[in-house]
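Summary of structural features
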Amino acid sequence: MTGPRVVIVGAGVVGAALADELTARGWDDVTVVDQGDLPAPGGSTSHAPGLVFQASGSRTMTALARYTVEKLDGLEVDGEPCFLQVGGLEVATTPERVAEIHRRHGWLTGSGVEAHLLDAAATAAKHPLLDPEVVLGGLWVPTDGLAKAVRAVDAQTRRAAARGARLLPRHEVLDITVTDGRVTGVVTDQGELPADVVVCCAGIWGPVVAAKVGMTLPLTPLAHQLAWTSSVPALAGRDEEAVLPILRHQDQDLYYRERFDTLGIGYYGHRPMPIRAQDIARLDASEVMPSVLEFTQEDFEEAWRQTQLLLPSTRDAKIEEGINGLFSFTTDNMPLIGQSPDVSGFWVAEAVWVTHSAGVGRAVAELLVDGHCSSFDLHECDVNRFEPHQLSPQYVLTRDCQNFVEVYDILHPLQPAEDLRPLRTSPFHQRQRELGAVFLEASGWERPQWYAANAGLVDGRDIPTPDDWAARYWSPIVAAEAQVTREAVAMYDMTALKRLEVTGRGAAAFLNGLVTGNVDKSVGSVTYCLLLDVDGGIRSDVTVARLAVDRFQVGANGNLDLDWLRRHLPPDGSVQVRDLTPGTCCIGLWGPRARDLLQPLTDTDVGPALKYFRAAEAFIGTVPVTALRLSYVGELGWELYTTADHGQRLWDLLWEAGQAHGVIAAGRGAFNSLRLEKGYRSFGADMTYEHEPYQAGLGFAVKLDKGDFLGREAVVARKDASTQRLTCLTLPEPGAVVMGKEPVHAGDRCVGYVTSAAYGYTIGAGIAYAWLPEELTAVGTRVQIGYFDRRVDAVVTAEPLFDPGMTRLRG
Ligand SMILES: Cc1cc2nc3c(=O)[nH]c(=O)nc-3n(C[C@H](O)[C@H](O)[C@H](O)COP(=O)(O)OP(=O)(O)OC[C@H]3O[C@@H](n4cnc5c(N)ncnc54)[C@H](O)[C@@H]3O)c2cc1C
């Protein structure tokens, strides 16, 4: 046998894909168990109509879908195809949706998927059942189509079986055995199966299976209506299963597929109908299958009315059958992939649509066999990404239902959730409210975007007004706050940034083995560096402050960093890691007057002797702080950390002392503008797992001479092989601004995509960072950014755009 003993729980389209991908990589001790009969054991896959639309605001989701299309298109069972490439058509019936399909067209183009925008007539011509009077335009993706989900299960499990995998239908997993924190097997109603690796691909039952090892899986099964018409006269006589494109009518929460002379209609416009995973009917107790609930006709009435408006020929047909089918929703609409934080060898691949199934199968197989995934950037999908409150049943249910409601809505990138707020507030919250803060949300934290109290600062400033879309969650106050930060001094609430404490006699060596910089320096040193994966890809960027010989504070990006550090802890107990974030807070005090403001409040010398990238423990009045002389906005100043109980007093002291220096409170809108003027990268937007440091412009943070660290060998090997560069663009058109994720064009060619963007209120131009091929990165190169229905000129510009000599930071 090759490879460890693997048991895959669930033979839906995800479990089947995984079995295929694992055995393709040579692992042959693979067992797939399912409580039902193959190839349609009764989960969501067994009744999915199989529409595969590749468009997504997430590049990862598009990449997973793209692989699924390519793979299923090459699979068949007894000569019958697993994919019908009929193309996908999203129609717009409102001006807002016309704009939205332009945006979606941009996402697809930037991800390398062929897509075309059609006018009303061309849209109607693509799908002759459409009423040409109703549609205003469409988005056409020729490679979209219909996955034959059950056949895809059959094809992939058969192939896996031919390579030695065992398929065990009618085996219900009752328990999972764990010894010393490692899985050892699964207990089924037919006996026990030993295992080194168990992968939960149990779909809507995932929370029940994961609970067997004490793991909370934040997903909710929700019913979604799928109905089939009687024969539609305009389709009469069809002998091919599907010729017409799959169709989405998102303005009315509807989608359609052809099945010979009938239509399948999917609907999301009804009330959310959640069910707890443990309440799903047992296989033998369910009427049709466990994931199929009775069709509630009354919830479908609006869908049928709208269908008859969009597709007039359906007026001569009727609804013949329907189901309320169950599948999984998550709090951020992304899958749940990865290993349990507590039980080694227990993995999950959950909340995955048919659309992404083969891609997820491949991703998980790579994680298991190679120890990392090289084909896809999985940081948005990692099951360990959640903050503790995001695992609470109330949060999961509320947000999952909200996502069901919004599944086809036009969502602005800054749009915050409305329910369950405020969830987390910093100690400055009351003061921020008094200043009229306009809050958005980050990891549950209420975070000011700008402050109404600063409205008076707008007077006399020449501030360009962005277009309607960019002007949402924006105010001219953002510009004023950015400029005042450069002119005087501002207080930024940085509490939402993750802070970890790493302690113990082995702490320095442990960190040095993981990060790209040398952190084994003097107490008081601060080091900006990266966490890399074994393949040299960037896992995160961190700021490591040595506060004592055996105590470090790590400024991180999120829970995945905590998870990453914990997974690499030495087994001898010489290092501890804990999350400081919930009990502490931070004010970024930045601006040319910051020192004038701070020095009178403390006996600690915060003059030039406390150098840039140095840390000091100090008292500000009565408040004990850790002061890190850093600035993400490019101005003199400090990140001032204290415990939550002292937070409000810290705010008040700085605020009162600051009045003489023109201090303001400033929000995230200003912050984002200022950081882009300085070229500071943001993990997750500008660089992710798929990028290596040199191409991301972060080679300065990699100290190859410091000794070995995780990813060192790979990063050296990749250094000269990269052909893409993260590149700074400015927009010469006065007032022009883009939002991020747009495609970048050179002539007719799409050559890259935008990562972060903002208006630079000091430099007086729009800024966009973009991944571009190396040959287009010379300063002065002209490209264009696709922004909705127009092209915005952009020029490659030397970075940083502001204060390249660092004079403002170093004094
Ligand atoms: C009405 C409807 C329409 C949909 N339309 C689309 C669409 O057009 N396009 C698209 O991409 N997606 C669609 N989906 C979503 C898609 O069907 C699912 O997301 C996908 O099929 C999930 O696959 P899975 O393998 O994770 O889960 P499942 O197919 O549910 O498989 C899980 C398997 O685990 C088994 N299992 C669970 N617990 C145990 C246990 N204790 N012991 C043994 N076996 C166990 C179950 O029997 C089941 O076979 C639709 C879903 C529904 C309900």
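Residues numbered from 1 in each chain as written. Predicted model: local features only at pLDDT ≥ 70, side-chain atom pairs only at ≥ 80, totals over all residues. Heavy atoms only, no water.

**Observations concerning the overall build of the chain**
As a reminder of what qualifies: For the purposes of this entry, the term helix denotes a DSSP run of H or I that reaches at least four residues, the term strand denotes a run of E that reaches at least two, and both are numbered from the N terminus. C-alpha atoms define the radius of gyration, and 2.2 Å times the number of residues to the power 0.38 defines the globule rule. Partly exposed residues are those whose accessible area sits between 20% and 50% of the maximum for their type, while under 20% is buried and over 50% is exposed, using a 1.4 Å probe and protein chains only. Note on areas: Shrake-Rupley, 1.4 Å probe, and residue coverage restricted to the protein chains presented here. When charges are counted, neither His nor the chain ends are considered; positive counts come from Lys and Arg and negative counts from Asp and Glu. One atom stands in for each charge, and that atom is NZ of Lys, CZ of Arg, CG of Asp or CD of Glu.
Assigned secondary structure in the chain consists of 18 helices and 42 strands. The globule rule puts the C-alpha radius of gyration for 811 residues at 28 Å, and the 28 Å found for the chain is close to it. For the chain, the C-alpha atoms occupy an extent of roughly 85 × 65 × 50 Å along the three principal directions. Taken across its 811 residues, the chain has 62% of its residues classed as buried. On the chain, roughly 29,900 Å² of surface is accessible, and the fraction owed to carbon and sulfur atoms is 50%. Each charge class in the chain can be summarised by its mean position, and for the 72 positive and 104 negative side chains these summaries are 6 Å apart.

**A few points about the packing of aromatic side chains**
Rule in force here: Planes of paired rings set the category: under 30 degrees apart is stacked, over 60 is edge-to-face and the rest tilted, where pairs are Phe, Tyr or Trp rings (Trp by its six-membered ring) whose centres lie within 6.5 Å. A positively charged side chain is recorded as over a ring if its NZ (Lys) or CZ (Arg) lies within 6 Å of the ring centre. The angle to the ring normal must also be within 35 degrees.
Applying the stated criterion across every chain, the model contains 22 aromatic pairs. Here a set of aromatic residues connected by ring pairs shows up, and it is made of Y255, Y268, F327, F329, W353, F404 and Y408. Looking at K126, its charged tip hangs above the ring of W140, at a distance of 4.3 Å from the centre. Across from the ring centre of F802, 3.8 Å away, lies the NZ or CZ of R486, which sits over that ring.

**Considerations on the sheet that holds strand β42 (residues 790–796)**
Selection criterion: The criterion for strand pairing is that DSSP finds at least two bridges linking the strands in question. To get an axis, a line is fitted to the C-alpha atoms, and for a helix only the part in contact is used. The angle between two axes follows their N-to-C directions and goes from 0 to 180 degrees. Whether two residues are in contact is decided by their heavy atoms, any of which lying within 4.5 Å being enough.
One closed barrel accounts for six strands, arranged β37-β40-β39-β38-β41-β42; its pairing is antiparallel. On average, each strand axis in the sheet is inclined to that of its neighbour by 45°, with strand direction left out of account. Summarising the sheet, strand β37 (residues 724–731) and strand β40 (residues 765–773) pair through eight bridges and their orientation is antiparallel. Counted as the bridge partner of L729 is A768 from β40. Along the sheet, helix α16 (residues 668–677) makes contact with β39 (749–760) and β40, crossing β39 at roughly 120°.

**Focus on the environment of L254**
Along the chain, L254 turns up in strand β18 (residues 254–259). Exposure remark for L254: the relative accessible area of 0% places this residue in the buried category. Linking L254 and A545, residues 291 residues apart in sequence, is a C-alpha distance of 52 Å. Dropping the residues within four chain positions of it, L254 is found in contact with L247, R248, H249, I265, G266, Y267, A303, Q306, T307 and Y408.

**Observations concerning the site of the ligand**
Stated formally: Whether a residue is near a molecule or strand depends on its heavy atoms: it is near if one of them lies within 4 Å of it. Under the rule applied, a polar contact is a pair of N or O atoms within 3.5 Å (in protein, one hydrogen donor and one hydrogen acceptor; residues adjacent in sequence only if both atoms are side-chain atoms).
Every one of the 34 residues lining the ligand counts as a neighbour, but D34, T45, V173, V352 and T355 are closest to it. Within the contact set of the ligand, an oxygen atom lies 2.6 Å away from a side-chain nitrogen or oxygen of D34. The contact in question runs from an oxygen atom of the ligand to an N or O atom on the backbone of G50, over 3.4 Å. Burial of the ligand by the surrounding chains reaches 97%, relative to a free accessible area of 1,000 Å². Within the residue set of the shell around the ligand, elements represented by two or more residues are α1 (13–24), β16 (219–229) and β21 (319–330).

**Details of the environment of A615**
Structurally, A615 can be placed in strand β33 (residues 615–620). If we ignore the near neighbours within four places in the chain, the residues touching A615 are G524, V526, L547, L610, A627 and L628.

**Brief notes about the pairing of strand β30 (residues 551–556)**
Pairing of strand β27 (residues 498–503) with β30, which is carried by six bridges, proceeds in the antiparallel orientation. Counterpart to V502 in the pairing with β30 is F552. Relative to β30, strand β29 (residues 538–548) runs antiparallel, the two being bridged by five bridges. In the sheet register, A545 faces β30, and the bridge partner there is Q553. In this antiparallel pair of consecutive strands, β29 and β30, the connection spans two residues.

**A look at the packing of helix α2 (residues 59–73) against helix α8 (residues 357–370)**
Where we set the bar: Throughout, the term roughly parallel applies to angles under 35 degrees, roughly antiparallel to angles over 145, roughly perpendicular to angles from 65 to 115, and oblique to all others. Residue polarity is assigned by list, with Asp, Glu, Lys and Arg as charged and Ala, Val, Leu, Ile, Met, Phe, Trp, Tyr, Cys and Pro as nonpolar; anything else, Gly included, falls into the polar class.
Where α2 meets α8, the closest approach of the two axes is 6 Å, and the angle between their N-to-C directions is 105°. In terms of orientation, α2 and α8 fall into the roughly perpendicular class. Note on element contacts: α8 touches α2 through S357, A358, G359, V360 and R362, opposite L64, Y67, T68 and K71. Its residues assigned to classes, the contact of α2 with α8 comprises four nonpolar, three polar and two charged.

**Concerning the side chain of T68**
Turning to its location among the elements, T68 is positioned in helix α2. By relative accessible area, T68 is classed as buried at 1%. Of the polar contacts made by the side chain of T68, one reaches the backbone oxygen of T355; its length is 3.1 Å. Once you skip the residues sitting within four places of it in the chain, T68 turns out to touch D73, V354, T355, H356, S357, A358 and G359.

**Thoughts on unusual backbone geometry**
Look at the link from L38 to P39: it is a cis peptide, with omega at 0°. Following the sequence through the fold, P39 ends up in the loop between β2 (30–33) and β3 (51–52). The phi angle at M806 is positive, at roughly 60°, despite the residue not being glycine. Residue position: M806 is located in the loop between β42 and α18 (807–810).

**As for the sheet that holds strand β9 (residues 137–141)**
Within a sheet, adjacent strands bond to each other through the backbone by hydrogen bonds, running parallel or antiparallel. Strand order across the open sheet formed by nine strands is β8-β9-β7-β17-β18-β19-β16-β21-β20, with mixed pairing between neighbours. On the outer flanks of this sheet lie β8 (116–119) and β20 (292–293), each paired with one strand and no other. Sheet analysis places strand β7 (residues 88–92) next to strand β17 (residues 246–249), joined by three bridges and oriented parallel. Among the inter-strand pairings, E90 is bridged to a residue of β17, identified as R248. Helix α3 (residues 95–110) contacts β7, β8, β9 and β17 of the sheet and is inclined by roughly 20° relative to β9. Sheet strands touched by helix α9 (residues 393–405): β16 and β21. Its angle to β16, the strand with the most contacts, is close to 25°.

**What to know about helix α11 (residues 476–487)**
What counts is decided by this rule: Under the convention used throughout, the expected extent of a helix is 1.5 Å for every residue step, that is, one less than its residue count.
When the terminal C-alpha atoms of α11 are compared, their 17 Å separation across 12 residues agrees well with the 16 Å that a helix rising 1.5 Å per residue should span. With 10 of 12 residues buried, α11 lies mostly within the body of the structure. For α11, the elements touching its buried residues are β25 (445–451), β26 (489–493), β32 (584–590), β36 (663–666), α16 and α18.

**Some details on the pattern of salt bridges**
Between side chains of opposite charge, a pair can form when the charged atoms approach closely. Selection criterion: The term salt bridge refers to a side-chain nitrogen of Lys or Arg lying within 4 Å of a carboxyl oxygen of Asp or Glu.
Tallied over the entire structure, the rule returns 49 salt bridges. The salt bridge partner of D196 is R5, with a shortest N-O separation of 2.8 Å. Placement of D196 in the loop between β14 (191–194) and β15 (197–200) and of R5 in the segment before β1 (6–9) is noted, with a sequence separation of 191 residues between them. Residue R104 is joined to E90 by a salt bridge in which the shortest nitrogen-to-oxygen separation is 2.7 Å.

**Digging into the nonpolar core**
Selection rule: Residues grouped as a nonpolar core are buried Ala, Val, Leu, Ile, Met, Phe, Trp, Tyr and Cys residues, joined through side-chain atoms within 4.5 Å.
Ranked by internal contacts, the top residues of the largest apolar core, which has 53 residues, are Y492, L729, V738, V744, Y761 and I785. Of the residues forming this core, the biggest block, six residues, is contributed by α11. Sequence-distant contacts of I785, that is, excluding residues within four places in its chain, are made with L729, L731, V738, E742, P743, V744, V754, A768, R790, R791, V792 and A794. I8, W27, V52 and L75 belong to the second-largest nonpolar core, a separate cluster that totals 49 residues.

**Things to note about the pairing of β29**
Judged by how many residues are buried, β29 sits mostly within the fold: 11 of 11 residues are covered. Hairpin connection between strand β28 (residues 526–532) and β29: a loop of five residues separates the two successive antiparallel strands, and G536 in this loop has a positive phi of roughly 85°.

**Comments concerning helix α12 (residues 507–514)**
For α12, a buried count of six out of eight residues is recorded, marking the element as mostly surrounded by other parts of the structure. Buried residues of α12: A507, A508, F510, L511, N512 and L514, and no others. Of the surrounding elements, those touching the buried residues of α12 are β27, β28, β29, β30, α13 (559–567) and β31 (576–579).

**Comments concerning the state of the cysteines**
Here is the rule we go by: Disulfides are defined as pairs of cysteine sulfur atoms found within 2.5 Å of each other.
One pass over the full model with this rule turns up zero disulfides. In this model C728 remains outside any disulfide bridge; the closest cysteine sulfur is found in C750, 19 Å from its own. Taking relative accessible area as the criterion, C728 reaches 2% and is therefore assigned buried.

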